[in-house]
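The chain contents come next:
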Amino acid sequence: MITIKNLHKKFKKLHALNDVSASFSRGQVVSLIGPNGSGKTTLIKSILGIVKPDAGSILFAGKSIDKQVAYRDNIGYMPQIGRYPDNMKIGQVIEMVKNIRNHKDGTLDDELFFDFKMDEMQDKNMRSLSGGTRQKVSAVLAFLFNPDVLILDEPTAGLDPLASEILKDKIIKEKKKGKLILITSHVLSDLDELTTDVMYLQDGKLHLYQTVENIKQQTGETRLEKAIAQVMKRYLKDGTATIPMTENREADYAKAI
Amino acid sequence: MKNLFLIACVLMALPGLCRTLVVGKGQTYSTIREAVAAAQDRDTILVKKGTYYINNIVIIKSIYLIGENYPLLHGADKYEIFTVSGKDITIKGFHFTNSGYSAMNDFASVKIIDASNIIFENNRVTNAYFGVHIANSHHFTIRSNYFNGLTKSEQTTGNGIHLWKCNNALIENNEIHGHRDGIYFEFVTQSLIQKNFSEGNIRYGLHFMFSNDNWYVENTFKNNGAGVAVMYSKQVHMLLNHFDSNWGAAAYGLLLKEINDSKIDSNTFYQNTVGIYMEGTNRINVTNNVFKANGWAAKVQASCMDNTFFHNNFLSNTFDVGTNGTLVLNTFNNNYWDKYEGYDLNKDGFGDVAYHPVSMYSTIVENSPNTLMLLRSFMVSLLDKAERAIPSLTPENLRDDQPLMKGLKLKEKK
Amino acid sequence: MLKLSKYVLYDIVRSKVIIAYTLFLMAVSFSLFQMEDNSGKAVLSLLNIVLIVVPLISMVFSTIHYYNSYEFIELMLSQPVSRTKILLSEYLGTALSLSSSFLIGVGIPVVLFYFNSTGISLVLTGCLLTFIFTSLAFFTSVQSRDKARGIGAALMLWFYFALIYDGLVLLVLFTFSDYPLEKLTLLLSSLNPVDLGRIFIMLKMDISALMGYTGAMYKDFFGSGTGALYTIGIMLLWMITPLLLAVRSFNRKDL
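Residues numbered from 1 in each chain as written. Chains lettered and ligands numbered in written order. Predicted model: local features only at pLDDT ≥ 70, side-chain atom pairs only at ≥ 80, totals over all residues. Heavy atoms only, no water.

Draft legend 1. Focus on the arrangement of the chains. Of all two pairs of chains sharing an interface, the pair with the highest contact count is chains B and C. For the non-touching pair chain A and chain B, the nearest C-alpha separation works out to 37 Å. (Contact = heavy atoms within 4.5 Å.)

Draft legend 2. A look at the environment of C:Leu51. Mapped onto the secondary structure, C:Leu51 falls in helix α3 (residues 39–68). The sequence separation of C:Leu51 and C:Glu36 amounts to 15 residues, and the corresponding C-alpha distance is 20 Å. With residues up to four places along the chain from it excluded, the contact list for C:Leu51 reads B:Arg376, C:Leu129, C:Val194 and C:Arg198. (Helix = DSSP H or I, 4+ residues; strand = E, 2+ residues; numbered from the N terminus.)

Draft legend 3. Region of interest: a nonpolar patch on the surface. Taken together, C:Val172, C:Phe176, C:Tyr179, C:Leu184, C:Leu187 and C:Leu191 make up a surface patch of nonpolar side chains, about 530 Å² in accessible area. Looking at the element boundaries, C:Phe176 is found in the loop between α7 (147–175) and α8 (182–190). (Patch = residues over 30% accessible without salt bridge, like charges linked within 9 Å, V, L, I, M, F, W, Y side chains within 5 Å. Areas by Shrake-Rupley, 256 points an atom, 1.4 Å probe, with all protein chains shown as cover. Salt bridge = Lys/Arg side-chain N within 4 Å of Asp/Glu carboxyl O.)

Draft legend 4. Representation of the interface of chain C and chain B within the structure. Contact residues are listed per partner, giving 38 residues for chain C and 31 residues for chain B. Between chain C and chain B the total buried area reaches about 2,900 Å² when both faces are included, carbon and sulfur atoms providing 67% of it. At the boundary of chain C with chain B, the tally comes to zero salt bridges. There are three residue pairs in polar contact (both at pLDDT 80 or more) connecting chain C and chain B. Looking at the side of chain C that touches chain B, the elements with two or more residues in it are α3, α7, α8, α9 (193–205), α10 (207–210) and α11 (215–222) of chain C. Among the elements that make up the side of chain C that touches chain B, the one with the highest residue count is α7(C) (eight residues). Among the residues forming the side of chain C that touches chain B, the class breakdown is 22 nonpolar, 10 polar and six charged. (Buried area = accessible area lost by both parts, 1.4 Å probe. Polar contact = N/O pair within 3.5 Å; in protein donor to acceptor, adjacent residues only side chain to side chain. Nonpolar A, V, L, I, M, F, W, Y, C, P; charged D, E, K, R; others polar.)

Draft legend 5. Geometry of the pattern of salt bridges. All names here are of chain B. Summed over all chains, the structure comprises 27 salt bridges over all chains. One salt bridge in this structure joins Glu279 and Lys257, with 4.0 Å as the shortest N-O distance. Linking Glu279 in strand β29 (residues 274–279) with Lys257 in strand β27 (residues 252–265), this pair joins segments that are 22 residues apart in sequence. On the basis of relative accessibility, which here comes to 27%, the residue Lys257 falls in the partly exposed class. Between Lys339 and Asp320 there is a salt bridge, with the nearest N and O atoms lying 3.6 Å from each other. Of this pair, Lys339 sits in the loop between β37 (336–337) and α3 (360–367) while Asp320 sits in strand β35 (residues 319–322), and the two are 19 residues apart along the sequence. (Buried < 20%, exposed > 50% of the residue type's maximum accessible area, 1.4 Å probe, protein only.)

Here's what the structure looks like:
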């Protein structure tokens, strides 16, 4: 579905992405983890075309995203901090995005809209919303058009436990439909059960991209968090890892293209 | 009625008293030349409608030449049509056309030389080099004629009404287009030019040279190449005229050069590049005029002395007054300037601070004409404001000490 | 694109600044026409509004609006909308709202009190200048992410076009007044949209003065058919070039 080849991006001195290559396909739920400033958001924004990479290429369904925007029809994006025009109401923002998306089949996925009780808050001004409510709006917009790919940047960060639970359930549902879901977070635990793959970035470098089973199997740990920690520790100690840091996903490439 | 008719018949029948000689197809005379030859003093020659090709008929008898329904007198592009010399001659109701052009001589449709008591009235003169050319004559009237010249270059077009060494002339109610100068005066005295309309002439609507003691009143000069020029004359009275839309780098509503002791009263200067341009003029009173929407209402060069501007309205002019020096020997008083921003605390109708009609920017433009490009820019208005606060470049004594607070009620001819 | 512009317009109208601007222009225009018994003088004051205030407001308002729409732009970027489209919609929305403000605030009084060729050219120039300076503002805003710097740059640019440029021109023309500078002045007037607009209006207002000296050249040139085309062409160029440059930088930018 999405193929990234040798991606580089520098912000002045900071090397945000350093030769990152990866491939994502349908059915995967990829957890993109790493410390703050490791390049997770930059990678996501590159995929969305918000950040322009210095070198390398990104293919979506086999086509370069460089000169096109239509591929974003298939992506639902929930940003880390949702920022919306101050003067608009929730209902208007949703209406506007609906208006702008070329949503062809017309069936909207308004499950989250009602689960989050957005129908009762339609007339609230964006200016007056709390961070959590904004996140809810972002989530509603991301899922609304039933896209093939969901990119969620720290989705549960500002949400209350109840909302967080609702969102998680929704992600599981979408996963079952065979969608590609990319999630960034620096804490793994609450998304453990969803994840099929783990991707670890640090200082712009891709250090680890493996399926969860592989990691658990190789390390003998049952808890994902611990397993990753173990891998990383070993790697940082002697520069070697017992399991390959990134799997060869040539097969996925082929599938994607 | 019957009696009257009888008397007329008898009068006409009396030979030698005053006969009427009829010219036309099937009439007694087929050409005007024959009739003129046959006529005696005080005879009337009545020319019927038709086209007559004429190679200069010389009229020296005191006759009345009357055209019926504007018979066309054609000069075949080669000849003058009439030469008039004598006294008590009237020419009325003809259409003169296509008289000749000569680079050597001043060919005219009608030439009047050494004549007096001439009336040239109600004629049309078209495609002429000179329209009417009058020399060395006195006591004559050119009235209600229509002139339309060749409108070629300044060299190949003559003047509409041309007077040279004349006196006691009355030029009235004529309409002149497309000539070099609409009306031209040289060495003419004691004459009156009134109610003429001179428009679209190549050089001047009216041109005065060495002509003293003349009046011109209620004329309209519009859209002429260079406006009106009055030069080297004195005692000229210019009243109630309308100077309109004379545009161009060297165009003036009224150009005064070496004029003394004259009067400019109750005229309207509207939309001229320069309303009045004065050079070497002395003792002229400019009163009760309206200067409206001109580039410069007046340009008074430093060579002028003792001229007075009194009781005029200056409205919407780009610049009010321009000058080329700092020495000012002319007086501006009690005029209304719409650019005046002063106040009148004692309510006597006069502004309490003097008005300086020469702006800083107009001085700059005078020195460097290209800066006209900055007209009405913010920069320029700042400069003018600064100059008004601390005058340095503009002539300090060119000012109206008692500017009027309200515009005068002067008649504006539209 | 119009769809997006609609939202931009809606957003601007909601901000109320634009309404204040409209009312301000209207109040000034009406009071000028009411106060002066000579409407020619009122138009003269309006000329200064058009040449000074309109560019200033256009620049500052557009700059602030651009920075305030960052959220909107971010939201749009994750949607299937091209960047060119986003920026052009922002531009169109801003320029349209500013110019309709101007049309209401100045256009209506002019039509009521001074409906002639001078009035029309005044309104036309005001609209063109609005579009041009909005475009310039977008160009400067896109360059920098910092709002303060953006507004600073906009003000500098305005100051340059409104005053400094004319000062420099005056200096040059005065210093070299002994040389034939006719062609140069034509060129110089094309290099500043405010000057070009001013000359366009003056051709109607001060036609008599412009016929004198080198002014006749202006009349011959700008007053002719080709001249009018030239003027409008250069004005459009002043509008399109900064906008295209803005789009170019915007397309290459990380947001």
